[in-house]
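# Overview (structure and organization)
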Amino acid sequence: LCASAFIGTSQIDATVNPIGLLFGTFGVGGDVALSDNFSTELGIGFGSRSFDDGLSGTYKYTNLSVEATGKYYLNPDNGADKFYAGAFLRYINRGYSYDSPQTTFEGVEYNGDYDQTRFGLGFLFGYKIVANSNFVFDFNLGAGTSIADSFKYADSVGNDISIDWPGLMIVGKLGVGYRFGS
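Let us look at the structure shown here. (Residues numbered from 1 in each chain as written. Predicted model: local features only at pLDDT ≥ 70, side-chain atom pairs only at ≥ 80, totals over all residues. Heavy atoms only, no water.)

Roughly 670 Å³ of internal volume is contained in the largest pocket. Around the largest pocket sit 35 residues that line it, and Asn17, Ser65, Glu67, Arg90 and Gly172 are the ones nearest its centre. Of all the secondary-structure elements, those providing two or more residues to the lining of the largest pocket are strand S1 (11-16), helix H2 (18-22), strand S2 (25-33), strand S3 (38-52), strand S4 (58-73), strand S5 (82-104) and strand S9 (168-181). Counting residues per element, the lining of the largest pocket draws most heavily on S9, which supplies seven residues. By residue class, the composition of the lining of the largest pocket is 15 nonpolar, 14 polar and six charged. (1 Å grid on protein atoms, 1.4 Å probe; cavity = no way out; pocket = protein on both sides within 12 Å on 5 of 7 lines; lining within 4 Å. Points joined across faces, edges and corners; volume = space filled by probe spheres on them. Helix = DSSP H or I, 4+ residues; strand = E, 2+ residues; numbered from the N terminus. Nonpolar A, V, L, I, M, F, W, Y, C, P; charged D, E, K, R; others polar.)

Structure (structure tokens):
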């Protein structure tokens, strides 16, 4: 929304991802129309979960994602709507930890942590519906490659593992929101 003040546009689509809420994540996006055929979107997602299973330990999970997307609309009706093709840049960081108060593995207390960071780019295709009441439904799916990838695992019994994941990055969006401006 702040970016629109600097580029002088009067159309902003603000969306949330309702599917992510089912999995404990919260994602928001702001899509700024630069013309009837082109828009840019910044999306941010965050998730965090923690639970104690009552028997073996405490699990904690966090993730953070930031995605910038450029979209070209092939035949818009109301400006920046209908079928589009685009490109994305995506950063994501995930972390997981496990702490056990009980002794395992030959009397040793077990704790484990992993951390994954990825940065990538790719292409996507999608469709945006804008209702007469300015409600927005935005669906997309894309694939690309990771250009920077780090995955590390370490635990209290001496395992220290680094894994080379495949370079494929998959992105998708189901956004529901509102269009501000005309």
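Following the structure, the description resumes.
With respect to the helices, strands and loops of the structure, Arg90 is situated in strand S5. The class for Arg90 is buried, based on a relative accessible area of 15%. Polar side-chain contacts of Arg90 include one of 3.0 Å to the side chain of Glu67. If near-sequence neighbours (up to four positions away) are discounted, Arg90 is found in contact with Ser65, Val66, Glu67, Arg118, Phe119, Gly120, Met169 and Val171. (Buried < 20%, exposed > 50% of the residue type's maximum accessible area, 1.4 Å probe, protein only. Polar contact = N/O pair within 3.5 Å; in protein donor to acceptor, adjacent residues only side chain to side chain. Contact = heavy atoms within 4.5 Å.)

Moving on: the packing of aromatic side chains. This structure, assessed with the given rule, holds seven aromatic pairs. Through a chain of ring-to-ring contacts, the aromatic side chains of Tyr59, Tyr96, Tyr114 and Phe151 assemble into a single cluster. (Phe/Tyr/Trp six-rings, centres within 6.5 Å; stacked < 30°, edge-to-face > 60°.)

This brings us to unusual backbone geometry. Leave glycine aside and you will find that most residues have negative phi; peptide bonds, for their part, are mostly trans. Look at Ala80: it is not a glycine, yet its phi comes out positive at around 55°. Considering the arrangement of structural elements, one finds Ala80 in the loop between S4 and S5. Judged by its relative accessible area of 1%, Ala80 falls in the buried class. Unusually for a residue other than glycine, Asn134 sits at a positive phi of about 75°. The topology assignment puts Asn134 in the loop between strand S6 (108-130) and strand S7 (135-155).

Moving on, we come to the nonpolar core. Membership of the largest hydrophobic core is limited to seven residues, which are Ala33, Tyr73, Ala80, Tyr84, Phe88, Leu124 and Val171. Leave out the neighbours within four places in its chain, and Leu124 touches Glu67, Thr69, Tyr84, Ala85, Gly86, Phe88, Asn140, Leu141, Gly142 and Val171. (Core = buried A, V, L, I, M, F, W, Y, C linked by side-chain atoms within 4.5 Å.)

Quick look at the pairing of S1 now. Two faces, one strand: in a regular strand the side chains alternate between the faces of the sheet. Pairing of S1 with S9, which is carried by six bridges, proceeds in the antiparallel orientation. Within S9, the residue paired with Ala14 across the bridge is Tyr178. (Pairing = 2+ DSSP bridges.)

Another point: the pairing of S2. Sheet topology places S1 next to S2; five bridges connect them, and they run antiparallel. Paired with Ile12 across the bridge in S2 is Val32. As judged from the nine bridges shared by S2 and S3, these two strands associate in the antiparallel manner. Considered in S3, the bridge of Ala33 is made with Ser39. In sequence, S2 turns back onto S3 through a hairpin of four residues.

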